[in-house]
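Survey of secondary and tertiary structure
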Amino acid sequence: MATGFFTDATLCIGCKACEVACKQWNELPSDGFVFSGNSYDNTSELSGTTWRHVAFVEERAVAEDTVVSAWSMVSDVCKHCTNAACHEACPTGAIIRNEFGNIFIQPDVCNGCGYCVVACPFGVVDLIGHVDPDGVLYNLATLHDDRREAEQTALQGSGGVAGKCTLCYDRQRSGFVPACAKACPTESIQFGDVDELRERARVRVETLQARGVDASLYGADDVGGGIGPLNAFFLLTGEPESYNLPSQPVLPSTRQAHGYAAGALAALALAAVGFTIFRGR
Amino acid sequence: MNDTYYDRPLLKGPHWGSNVVTYLFLGGIMGGLGLIQTIAGSEKTPEAIRLRRDARYASFALAVVCPPILISHLGRPERFLNMLRILKWRSPMSLGVWGLVAYTGAAGANVMRELADEGTLPRWMRHLAPKVLNPVQALLGAFIAGYTGVLISATAIPLWGKGKTHIPAASVCSSASGACALSSLLSTLGGNHTVTRKLERLEMVAALGELAILRHFRTHAGPVGAPLFEGERGERFENYTVVAGIIAPTILNLIGQVVNLPKPVDAVRTILASTLTLAGAYVFRESLIEAGKLSANDPKAAHRQPQ
Amino acid sequence: MPGLGTSMGRGGATMWVPDLQNSDCILIQGSNFAENHPVAFRFVMKAKERGATIIHVDPRFTRTSALADLYAPLRSGTDIAFLGGIINDVLSNERYFKEYAVAYTNASFIVNADFKDTEDLNGLFSGYDEETRAYDASSWTFERNDDGTVKSDPSLQHERCVLNILRRHYARYTPEMVERICGTPRAQFLQIAELIARNSGRERTTAFAYALGWTQHSAGVQFIRTAAVLQLLLGNMGRPGGGIMALRGHANIQGATDIATLFDLLPGYLPMPSALRDEQTLAAYLKTNTKPTGWWANTPKYMVSLLKAFYGQAATAQNDYCYDYLPQLIGDHSTLPTQIAMKDGVVKGYFVLGQNPGASAQNKELAMAGLDRLEWFVNIDSFETDTCAFWKREGVDPRTIATECFCLPAATILEKEGTMVQTSRMLQWHDKAIEPAGDAKSDLWYFWQLGKQLQALYEHSTDPKDRPILDMTWDYEHEDEHERRRGEPSALKVLQEINGYYTHPEEGARQVKTFGDLKDDGSTASGGWIYTGVCPDKRTNNARNREPNDTTSLGWGWAWPANRRTLYNRASADPDGNPWSERKKYVWWDQADGRWTGYDVPDFPLTKAPNTPAKPGAGGLDAHSGSDPFIMMAEGRGQLFVPGGALKDGPLPAHYEPLQSVVENQLYSQQSNPVMREWHRPDNRYNDPVDEAFPHVMTTYRVTEMSGIMTRYIPWLAELQPSAFCEIDPDLAVRHEIRSGDWVVVSTALGEMEARALVSGRLRPLRVASGQRVHQIGIPYNYGKVGFATGDSPGALIPLSMDPNSSIHEAKTMTCNIRKGRRTAYRAGVVDADVPVSMRTGHGEWD
Ligand SMILES: Nc1nc2c(c(=O)[nH]1)N[C@H]1C(S)=C(S)[C@@H](COP(=O)(O)OP(=O)(O)OC[C@H]3O[C@@H](n4cnc5c(=O)[nH]c(N)nc54)[C@H](O)[C@@H]3O)O[C@H]1N2
Ligand SMILES: Nc1nc2c(c(=O)[nH]1)N[C@H]1C(S)=C(S)[C@@H](COP(=O)(O)OP(=O)(O)OC[C@H]3O[C@@H](n4cnc5c(=O)[nH]c(N)nc54)[C@H](O)[C@@H]3O)O[C@H]1N2
Ligand code: SF4
Ligand code: SF4
Ligand code: SF4
Ligand code: SF4
Ligand code: SF4
Ligand SMILES: [Mo]
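Everything numeric here is computed off the predicted structure, so don't read it as measured data. (Residues numbered from 1 in each chain as written. Chains lettered and ligands numbered in written order. Predicted model: local features only at pLDDT ≥ 70, side-chain atom pairs only at ≥ 80, totals over all residues. Heavy atoms only, no water.)

Let us look at the overall build of chain C. Of the regular secondary structure elements, chain C holds 26 helices and 31 strands. The globule rule puts the C-alpha radius of gyration for 847 residues at 29 Å, and the 27 Å found for chain C is close to it. The C-alpha extent of chain C, read off along each of the three principal axes, is 75 × 70 × 55 Å. Split into buried and exposed, the 847 residues of chain C put 62% on the buried side. Sequence-distant contacts in chain C: of pairs separated by 6 or more residues, those separated by 24 or more amount to 70%. Only carbon and sulfur atoms are counted for the fraction: they give 52% of the accessible area of chain C, which is about 30,900 Å². (Helix = DSSP H or I, 4+ residues; strand = E, 2+ residues; numbered from the N terminus. Rg over C-alpha atoms; globule rule 2.2 N^0.38 Å. Buried < 20%, exposed > 50% of the residue type's maximum accessible area, 1.4 Å probe, protein only. Contact = heavy atoms within 4.5 Å. Areas by Shrake-Rupley, 256 points an atom, 1.4 Å probe, with all protein chains shown as cover.)

Below, the discussion takes up the environment of A:Trp71. With respect to the secondary-structure elements, A:Trp71 resides in strand E3 (residues 71-77). Given a relative accessible area of 4%, A:Trp71 falls into the buried group. Along the primary structure A:Trp71 and A:Ser39 are separated by 32 residues, whereas in three dimensions their C-alpha atoms are 9.6 Å apart. Setting aside anything within four residues of it in sequence, one finds A:Trp71 in contact with A:Ser39, A:Tyr40, A:Phe56, A:Val57, A:Glu58, C:Glu35, C:Phe61, C:Thr62, C:Arg63, C:Ala66 and C:Arg762. There is a polar contact of 3.1 Å between the side chain of A:Trp71 and the side chain of A:Ser39. (Polar contact = N/O pair within 3.5 Å; in protein donor to acceptor, adjacent residues only side chain to side chain.)

By nearness alone, 13 residues border ligand 4, and A:Cys90, A:Cys110, A:Cys113, A:Gly114 and A:Cys116 come closest of all. A class-by-class count of the residues in the shell around ligand 4 yields nine nonpolar, four polar and no charged. (Near = heavy atom within 4 Å. Nonpolar A, V, L, I, M, F, W, Y, C, P; charged D, E, K, R; others polar.)

Another aspect to go through is the nonpolar core. Nonpolar side chains in soluble globular proteins tend to end up buried together. Formed by 299 residues in total, the largest nonpolar core has its most connected members in B:Trp16, C:Phe82, C:Ile86 and C:Ile192. Here this core gets twelve residues from one element, more than from any other, and that element is helix H1 (residues 18-41) of chain B. Look past the residues within four positions of C:Ile192 in its chain and what remains in contact with it is C:Leu27, C:Ile55, C:Val57, C:Leu70, C:Ala72, C:Phe82 and C:Ile86. Within the second largest apolar cluster, 55 residues are counted, among which are C:Trp16, C:Leu270, C:Tyr285 and C:Tyr586. (Core = buried A, V, L, I, M, F, W, Y, C linked by side-chain atoms within 4.5 Å.)

Taken together, the 74 residues of chain B in the interface contact 82 residues of chain A. Here chain B meets chain A over a buried area of about 6,600 Å², counting both sides, of which 57% is carbon and sulfur. When the shortest N-O distance is used, the salt bridge between B:Arg8 and A:Glu45 registers 3.2 Å. For the interface between chain B and chain A, the tally reads 36 residue pairs in polar contact (both at pLDDT 80 or more). Listing elements by their share of the side of chain B that touches chain A, those giving two or more residues are H1, helix H3 (92-118), helix H4 (133-153), helix H5 (158-162), helix H6 (166-189), helix H7 (193-221) and helix H11 (299-303) of chain B. Here the side of chain B that touches chain A gets seven residues from one element, more than from any other, and that element is H7(B). Of the residues that constitute the side of chain B that touches chain A, the class distribution is 41 nonpolar, 19 polar and 14 charged. (Buried area = accessible area lost by both parts, 1.4 Å probe. Salt bridge = Lys/Arg side-chain N within 4 Å of Asp/Glu carboxyl O.)

On to helix H5 (residues 79-92) of chain C. All names here are of chain C. The end-to-end C-alpha distance of H5, which contains 14 residues, comes to 20 Å, matching closely the 20 Å that a straight helix rising 1.5 Å per residue would cover. Among the 14 residues that make up H5, 13 are buried, leaving the element largely enclosed by the rest of the structure. Glu94 lies just past H5 and shows a positive phi near 50°. (Expected span 1.5 Å × (residues − 1).)

Listed by partner, the interface residues are 48 residues for chain C and 49 residues for chain A. Note on chain C versus chain A: buried area summed over both sides is about 3,800 Å², and carbon and sulfur give 62% of it. When residues of chain C are sorted by the area they lose upon contact with chain A, C:Trp716, C:Glu719 and C:Arg764 head the list and together hold 20% of the total. For the interface between chain C and chain A, the tally reads six salt bridges. One can count 15 residue pairs in polar contact (both at pLDDT 80 or more) joining chain C with chain A. Those elements giving two or more residues to the side of chain C that touches chain A turn out to be helix H2 (33-36), helix H3 (38-49), helix H4 (63-67), helix H24 (715-718), strand E24 (725-728) and strand E26 (752-759) of chain C.

Glancing now at the domain arrangement of chain C. Each assigned domain of chain C is listed here: domain 1 (2-249), domain 2 (268-330 + 475-533), domain 3 (335-471) and domain 4 (677-839). One C-alpha centre belongs to domain 2 of chain C, the other to domain 4 of chain C, and the line joining them spans 44 Å. (Domains from an automatic or database assignment.)

Further remarks concern unusual backbone geometry. In this structure, the amide linkage connecting C:Trp560 to the following residue, C:Pro561, adopts the cis form with an omega of -5°. By the secondary structure assignment, C:Pro561 is in the loop between strand E19 (558-559) and strand E20 (587-590). For A:Asn244, which is not a glycine, the phi torsion comes out positive at approximately 65°. Mapped onto the elements of the fold, A:Asn244 is located in the loop between strand E10 (232-237) and helix H8 (256-279). Notably, C:Leu156 is not glycine yet its phi reads approximately 60°, a positive angle.

Residues and elements named next belong to chain C. On the surface, a nonpolar cluster with roughly 630 Å² of combined accessible area is contributed by Phe351, Trp376, Phe406, Phe447, Leu450, Leu454 and Leu457. Of note, Leu450 is situated in helix H19 (residues 443-457). Residue class for Leu450 comes out partly exposed when judged on its relative accessible area of 38%. (Patch = residues over 30% accessible without salt bridge, like charges linked within 9 Å, V, L, I, M, F, W, Y side chains within 5 Å.)

Moving on, we get to the arrangement of the chains. Contacts are most numerous between chains A and B, taken over all two pairs of chains that touch. No interface is formed between chain B and chain C, the nearest pair of C-alpha atoms being 12 Å apart.

Looking now at the pairing of strand E10 (residues 349-353) of chain C. Residues and elements named next belong to chain C. Side chains Tyr350 and Val352 of E10 all project onto a buried face; the interleaved residues Gly349, Phe351 and Leu353 project onto a face where none is buried. The pairing of E10 with strand E11 (residues 376-381) spans five bridges and is parallel. When the bridges of E11 are listed, Leu353 appears paired with Ile380. (Pairing = 2+ DSSP bridges.)

With that settled, the discussion passes to the sheet that holds strand E14 (residues 426-430) of chain C. All names here are of chain C. Strand order in the open sheet formed by three strands is E13-E14-E19, with antiparallel pairing between adjacent strands. Each edge of the sheet is formed by a strand with only one pairing partner; in this case those strands are strand E13 (418-421) and E19. In the sheet, E14 pairs with E19 via two bridges, with the strands oriented antiparallel. Following the sheet pairing, Leu427 is matched in E19 by Trp558. Sheet strands touched by helix H22 (residues 491-499): E13 and E14. Its angle to E14, the strand with the most contacts, is close to 155°. (Axes fitted to C-alpha atoms, helices over the stretch in contact; angles between N-to-C directions.)

What follows is about the pattern of salt bridges. Once the charged atoms of two side chains with opposite charge are near each other, the side chains can pair. Tallied over the full model, the rule gives 85 salt bridges over all chains. A:Asp195 serves as the salt-bridge partner of A:Arg198, at 4.0 Å between the closest nitrogen and oxygen. Taken as a pair, A:Arg198 and A:Asp195 lie in helix H7 (residues 194-210) at a separation of three residues, close to a single helical turn. For C:Asp24, the salt bridge goes to C:Arg583, with nearest N and O atoms at 2.6 Å. Of this pair, C:Asp24 sits in the loop between helix H1 (2-8) and strand E1 (25-29) while C:Arg583 is found in the loop between E19 and E20, placing the two residues 559 residues apart along the sequence. The exposure class assigned to C:Asp24 is buried, which follows from its relative accessible area of 5%. On the accessibility criterion, C:Arg583 (46% relative accessible area) is partly exposed. Salt bridges sharing partners connect three or more residues here, namely C:Lys432, C:Glu435, C:Glu483, C:Arg486 and C:Glu488.

Right, dumping it as structure tokens:
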């Protein structure tokens, strides 16, 4: 059994309550105050300190004298992949699959090598830089001493570790629903047992399709590339690319065998040449 | 609907800077030296033995400097030790760390043997480094020379993923040619001219192999290869790595093989060729990393990730 | 909220939020529901999931539009034309709910023959006086029979019956006209009209939801009236999933209006005594304000009980219950005139709490320049607000300001106990969760302590003019020892007093259970009759209730009046008392039991049978029959036509252009609301109507991520919308070479502001009048100079003007120009930095 998320774009009102609730619960700092000019999205992406991110998809080319009819939003998050690239890549064992079947980074084990960052096919996990020495970005939300001591948060003073959604490991352990799901006013984010969620998602997508909505599931089944199903999956309208979700993600470790073989072959060839050169005068 | 999200990157690029590039460069040479000490050791001439000794000393020296360079990029250097908590077959970085540790051990033992043979250390100590450590260092060296290529191609970065065979193979070649270059340099400076010619022959083969792989990679990668092969970075890569780092030293080395130059001139030629090769090898690593960052920023490439 | 009050009887939302899930169609117009009321919006989503059709009509395509089934654009300020068009459609195609309209509204009433409509007078009603810019409403009345009852024609044949007047009034509001005025494509308009008509009637109900998009206009009250007329015609009032959902603003704004921040109201919507009317004695006041028929016949009970609550033992029948202690109005003391009076040196001291006009006021510079001239100024807030920092604002030299400022720390919601009254008129109690930080105190603390200190100061006074202070009941000692030591009063005791109690000592201060028990003989006291029942005894606080259920959740919180969820719910049954349909069953007459029953608290005398005839000449509710559901109204009917000048700008809504508009009124030669309030003066300049220098429509609003200071200071929210911005359509952007993220300057005759451009196809130019292309520019008003997310606020560009009925500013529609770049120096139209110090502080020749 594993827990996870079913995030439904057709129910999302783009209120960003999930983003804020996540930051508040996890005591994450703001990422700075940058006006992007891209719709209502100013946090722009998931980062080491933004673990939920609401994408705002606007039609960019609107013909004259037409009325716009769509503006889609969806709340992105770590996918807690069945075969998780970050988990495989991590050389320290900081990234584990916990008792809830979630991909969890143990901040006290992570050494900041950054390999998970480049491994993730969804661009989710990132290193947290030095955390706000003058408290500007934190302001009201200063890190709670108890949490810091219990090393429950990625933000242990100096930063330099990887950060991503913990699936509210601490809340789940206490029997609470993750903060983002709790805050969502429209149940666009549904938390629960993934098998059950998958079932619900399939029913939902059928209902919507019957209503003529161009809806599809992303990650409820195997996304391909060796990754398998995602434990945080989505219901989207339109193409995944427009939400910055890869249409064809790949589990990078599947390339290793080729790599080692090619390297070994090259080394063997060169060794053979080398021996020939040195031995045969 | 839109085919990208406001052209924003989909992936996160590497947080890797010059320290990692330096590690990739020096580590590769270190690995290459592991090969050379074995190959050279297969010949019993005093020149070859001297070459083996030099290669062993040099590789051990690099094995000593590499970890600190590697560690320097970690946010929290003291946590390098966390790498040693586990061994993970699926993680090239984990394997690489253990490889590095093992290589350091083998190289250290082989140096000890050299020193014991020389008499600097008590003679009995040579028994602490059995002969098998010689090929072991070569195998580990080949691994070190190649795993960094596997490490970067087993990521989501489209350019790197696209080069899943090319990058490891080219890394091995580049490491080998770099190691040859460094060895020729040391030999020439130490007056050990006879082996230099041989080293240069091997270096040429490695360099030409690398060139062939890179050329093939370019066509194979198509638009995904753009960050490495096109634009400003592509030019730098072409000029420094391909022209100055592969073609030029190969020509110089060829001249060395066919024309009998006066000794001092020949020494200058070797020094020049070796320096060019080494510089090219550095820029190769640098270009890979930097182009990887650009590649991560290209959402179109990232949506359809290479298998 | 006179728009709803004059139509149905009470100035509150007629339904409660969760009831939206029972709607078959929801028209959201004049509100950005999803963005500004996201939690309530879940019920709209539930309705949608149950198959309801959601429609959004707004100048901009917003997050609400994104979730709606159908979106239609319109030019800001033209909603009367739009809804009037639907009324015309419904009437001319006979698609209204005839049985309902005839029985429950004044559709059949015969209007006085002297009455002239806007159709007759080209945009004016009869009785207009050019000089005073006001109406004499004596012709806006009904013909009456000898027994005083209104003449009516239930067959709706009489040419002067309200329905036929309505027909003629809206006959020219055709789809073509709607397109000309609103810019809404005809096809979309017709589709919406069709959906609304199809989802109304016996079996189905449609709800309307609005907020500021309808109120902040020079005819805002009439915007809401148009909706009320339509909903009454369609038979959607008082029924499940039907009605008008007025979405209120600040968390407790409903409570603030109930108990009673408006200058002209006492608690419970009793009018404030006025020196301008004959109200010098209690008897005179009651004569003016007691309606002989309908619920307001009870006014004396509520007023006397209120005075008893204010003045306790001191209030006796002999002294008119201290009625003369109450101050009397001598003019319009609403916010905008007060700001002007401050600027003109008339007002000398000002309290600001729970508000930040330094960012949110219209003609912000005038408002702030008013503060410059005060003798003293008190600000109670949890942050240093833009208002609090007025003396160091841009363009002003602090040395020129002599105002003495007191900035006092306010406890936040989590740091104090009390009730909040939300948009469903529901009181919900909240406990104190943590101790206030530092010296912060609750607002209650400040006022209680202030009262105590005043009483102490005057303790030995024998001067009669000090009696109001000495006689006021002020006994709110906290039950809890810790709070008592901190000097906090008991919010519960305040609520219990508002609920009301028996004053006779033998009663032992027993609580009054319902407002039906209130008396006008001094035996009861109640600080706000509409809340009677929330604390029916000393141990019960119904605002604490937290028991939801599947229907009306009567066990959750407590809604006034009498814990009723849907107002006027007698109308959910037909005249005979049976549900209009099984599907829309809600409150009905139980013949066996001889009483009204149902899922909600019936909004009707419980045992008054449907067939009870009206008693001509009787007072109170006896004047109504058993099938007159709008008990607050004199005639017991919903008012399609508002008689007698209850509204200052007409008995029927007519389309006027906003004061500052880009086009001429396509319907009448009267351009804008003839009785709106304007101030033509150098520090309050208006753009001329149809002025080429200001060719674009500008509107202001808020965004989910921001409210004001409270959000600008919170990094998590500030990063979400970090900078003041301005939304423009791509065509306009191309014309000015503006790209998303560029700086732009928006200007009006009054001033300039700068913001980052957000170019978006969600805004589209509209074709109006004879094909003219109109661009609309949207600017969130939430920004100011302090906090992490900062920027200019559009208040600097908007001159003061007022709706004649509600005194609300026209901040939703004006005209402007735009250019790429940054603004240079601060230009506010008001401040002249060269004025000598003495003049700036209000002691110079300016006075
Ligand atoms: N997140 C957040 N929520 C809030 C607040 C906040 O600051 N932030 N403020 C609260 C307060 S105080 C209030 S009063 C409410 C206000 O709630 P709303 O009324 O929903 O708020 P606004 O955003 O001011 O305006 C609503 C919409 O009216 C549109 N509009 C402008 N002119 C017209 C017009 O002429 N006709 C029509 N049909 N629409 C028009 C605007 O484009 C805008 O989308 O929100 C409350 N909720
Ligand atoms: N152009 C334009 N202007 C507008 C509007 C518009 O749509 N367009 N909307 C108008 C509307 S509807 C409104 S409601 C106003 C809103 O404008 P304001 O009410 O001026 O704005 P807020 O920022 O909500 O101010 C609330 C203040 O109360 C403080 N506060 C919060 N809780 C408490 C408390 O318990 N006690 C005390 N003492 N203080 C507290 C907060 O810190 C904050 O400073 O703006 C109006 N101005
Ligand atoms: S989405 Fe990325 S970070 Fe999350 S589990 Fe999958 S690979 Fe790891
Ligand atoms: S950064 Fe931390 S979590 Fe990521 S791979 Fe390295 S050690 Fe593991
Ligand atoms: S589950 Fe918790 S950590 Fe993950 S996004 Fe939601 S709130 Fe953040
Ligand atoms: S809280 Fe829910 S509705 Fe709001 S943005 Fe997040 S997912 Fe969407
Ligand atoms: S801010 Fe508060 S009142 Fe407004 S929607 Fe959110 S929870 Fe409700
Ligand atoms: Mo408001």
